[in-house]
Amino acid sequence: MSNNGTMVIDGLTVEIGDEKNLLELIRKAGTELPTLCYASELSIHGACRMCMVENERGGLDAACSEPPRAGMEIRTNTERLRKYRKNILELLLANHCRDCTTCGNSGHCKLQDLAIRFNIDRVRFVNMALDPKPDNSSLCITKDENKCILCGNCVRMCSEIQDVGAIDFAFRGSKMKVTTAFNIPIGESNCIGCGQCATVCPTGAIVVRDNTEAVWRELGDKNAEVTVQIAPAVRVALGKEFGLKEGENSMGLIVSALRRMGFHKIFDTSTAADLTVLEESRELQNRLKEKHDFPLFTSCCPAWVNHCEKRYPELMANVSTCRSPMQMFASVIKEQYCNSSKRQVHVAIMPCTAKKFEAARNEFKTDERPNVNYVLTTQEVIRMIKGSGLIFSNLEPEAVDSPFGLMTGSGVIFGVTGGVTEAVLRDISSDRSNSGLNKIAFIGVRGMTGVKEAQVTVGEREVKIAVVSGLGNADRVIEALKSGCKKYDFVEIMACPGGCVCGAGQPYIPAELKIDRAKGLYSVDKLTSIKRSGENPLVDLLYNGLLKNKSHQLLHVSYTSAGKESHI
Amino acid sequence: MDTYIDYQKVDGIIEAHHGQPSAIIAILQEIQEQYRYIPRQVFPHLSRRIGLSEASLYSVTTFYENFSLEQKGKIVFKVCDGTACHVRKSLPILERLRKELSLSEEKITTDDLEFTVETVACLGACGLSPVLTINGKVYPAMTPDKASELLKSLKEEVRSC
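Cut-offs used in this document
Residues numbered from 1 in each chain as written. Chains lettered and ligands numbered in written order. Predicted model: local features only at pLDDT ≥ 70, side-chain atom pairs only at ≥ 80, totals over all residues. Heavy atoms only, no water. Contact = heavy atoms within 4.5 Å. Buried area = accessible area lost by both parts, 1.4 Å probe. Salt bridge = Lys/Arg side-chain N within 4 Å of Asp/Glu carboxyl O. Polar contact = N/O pair within 3.5 Å; in protein donor to acceptor, adjacent residues only side chain to side chain. Patch = residues over 30% accessible without salt bridge, like charges linked within 9 Å, V, L, I, M, F, W, Y side chains within 5 Å. Areas by Shrake-Rupley, 256 points an atom, 1.4 Å probe, with all protein chains shown as cover. Helix = DSSP H or I, 4+ residues; strand = E, 2+ residues; numbered from the N terminus. Buried < 20%, exposed > 50% of the residue type's maximum accessible area, 1.4 Å probe, protein only. Pairing = 2+ DSSP bridges. Axes fitted to C-alpha atoms, helices over the stretch in contact; angles between N-to-C directions.

A. The arrangement of the interface of chain B and chain A in detail. Facing the 13 residues of chain B at the interface are 15 residues of chain A. For the pair chain B and chain A, the two sides together bury roughly 1100 Å², of which 64% comes from carbon and sulfur. Our enumeration of links across chain B and chain A arrives at zero salt bridges. Applying the counting criterion to the chain B and chain A interface returns five residue pairs in polar contact (both at pLDDT 80 or more).

B. Local environment of a nonpolar patch on the surface. Residues Ile 25, Phe 63 and Tyr 64 of chain B make up a contiguous nonpolar surface patch of roughly 230 Å² in combined accessible area. Relative to the elements of secondary structure, Ile 25 of chain B occurs in helix H2 (residues 24-35).

C. Unusual backbone geometry, seen in detail. Cis peptide bonds are those with omega within 30 degrees of zero, and the linkage from Ser 402 of chain A to Pro 403 of chain A qualifies with 10°. For Pro 403 of chain A, the location among the structural elements is in the loop between helix H12 (378-388) and helix H13 (409-412). Between Ser 129 of chain B and Pro 130 of chain B the backbone carries a cis peptide bond, its omega angle lying at -10°. Secondary-structure assignment places Pro 130 of chain B in the loop between strand E2 (115-120) and strand E3 (132-134).

D. Representation of the pattern of salt bridges in the model. Residue and element names in this part refer to chain A. Tallied over the entire structure, the rule returns 43 salt bridges over all chains. Asp 163 is paired through a salt bridge with Arg 311; the nearest N and O atoms lie 3.6 Å apart. One end of the pair, Asp 163, is in the loop between helix H4 (153-161) and strand E8 (168-170); the other, Arg 311, is in helix H9 (residues 302-311), and 148 residues separate them in sequence. A salt bridge links Glu 314 to Lys 482; its shortest N-O distance comes to 2.6 Å. Taken together, the residues span a long stretch of sequence, with Glu 314 in the loop between H9 and helix H10 (325-336) and Lys 482 in helix H16 (residues 471-483) at a distance of 168 residues. For Glu 314, a relative accessible area of 46% corresponds to the partly exposed category. What emerges from the salt-bridge pattern is a single network uniting Glu 422, Arg 426, Arg 446 and Asp 525.

E. Here's a closer look at the sheet that holds strand E2 (residues 12-15) of chain A. Residues and elements named next belong to chain A. The sheet built from five strands is open, its strands ordered E2-E1-E5-E3-E4 with mixed pairing. On the outer flanks of this sheet lie E2 and strand E4 (60-62), each paired with one strand and no other. Sheet twist, expressed as the average angle between the axes of neighbouring strands with direction ignored, equals 35°. As judged from the four bridges shared by strand E1 (residues 6-9) and E2, these two strands associate in the antiparallel manner. Looking at the pairing, Thr 6 lines up with Glu 15 of E2. Relative to the sheet, helix H2 (residues 79-94) contacts strand E3 (52-55), E4 and strand E5 (73-75), its axis offset from that of E3 by approximately 155°.

Listed below in structure tokens is the structure:
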């Protein structure tokens, strides 16, 4: 029991705990106070004024920026507050392109939701933003200033959490907008496509690019054979939209749905993640022999690779040459079906917006055609399943296709921060027992903390590891490395806080629930019979077959930005 | 036209403020003093040295009317349009200057980069209204004709040198 005293919310006495602000306490007490500019992981902005409450003296406080005090007495739903909230909403809507039915965020829009909640049946002001004004220059996100309500969530996400700073407020007063430096198209800015801005945007001002129509067309083409791979993190985030629990594994149902929708061959990216683990541990072991000052950075996360290219070009030589699991799989699939009579189309279902950019990179093209033709995010696949009319929960779970039907627990945990590291450690550890696996799980690589450190002994050597998620954290770790305060041998970096399970392509999830998705993946790992990537029999088959003499060419990449051909 | 940037000088300005992000306004002001505007080319350099994103620098420079991202003329007219000057007919003065230099509210600098005409909210010299400044020097009790005269003599000076 805390001794912070009590206060009264709408006549109900509640105990004050360690809540940072009134808003948290009010929500805990069971009232869903409306907000547009509040996201628990970001700093307090206090711009939207929707969370105003009336205090005992009749004064108004913004609940998000007011700490709870003992003896306070507030009301959250008075006639006056309702009037103010309606007024604010009307003013916001007057500056908002209201083409809801054709908006990419319809149904998930907080502004739409509040307009319904507060019964906005008319807007008294002239609409100043009639038409959409989309900036389609990025492959990952679409930005539309006519749908922006200037809540600043994206700005704070981009600078506070990701430390990218691609966007900020510019100009002032009625001319204010959120834009890039010099108003250049977002695709030409230092935006890295992580899409985290879209996860916190309350409206349709920043949405993930949609490629569903193009994929539907391919599915309808009789001359095309459409193969698809599904990333680990997708299976624990998709089901919630169809009534499953957050974090519940719905892989079997997804496979079943995709097959009914017309995908010809369905694979699990975890299989390719096993290849990534083996290639990456080999690279690490080679580097350990050579004694480098700087660590080996992982390369699975395309937003991190982008960020490194743009901010730390000098460190590109330290980024693993391993292709991401998505690209490894794409190379393997391309090789497998290169003699097929049908036109091959490969789709990747990812939790990630930056994968859309990765797929279009020149390094991952064969004869000028991308190895991955389309990247669909989890959100887009949800739309496709809904569009197909399938009743998801009525489907029977099905298994992925051969010849790539086997994966290990290591491949699956790639989807959560620390997963890549854990998988690599399982591979290089000399302890092959089950208790060895358990030890690795508890050395500090698990959990949603932004920077985790671990130390393991490999052979004679102590290997220092950092596991980082969120690019702001990555910047801090790199600063520490550069200044010499820290020394690591291996650094895993995932751009999205929490790793791929919290990717911007996934349905939105409040920060405090992210752990459920991670738990989901760890329980999938528990249920797989093979835990170490090297023990996947399929991997051996591949190395002795399709990948023979080609493994370097198909599984590694030399980013043009890295400057030099790297060697393994 | 790209302005030549002496990055040593820019670094000097940054150093004088210890590269503090909180000193960004002062740093931008001093850069503007050097070049009469804030050249776009300094943004990446500033961003790296101070640790503020280019988007944030753009945010600050577009927020304050005082900062200019457009190159300005050698001679800058600032016509006061504060309340006192406004009621004592500052607008006709502004219009006259703009007309004679073929400028407008959007286009404030002549193509030869000699003259810039802009307004200012209040110079604090209401007793002398309507006033204008030319490169900081105050000219009181202006009329459109007096402004024309000033412009004419300045044009001659420019031609002779």
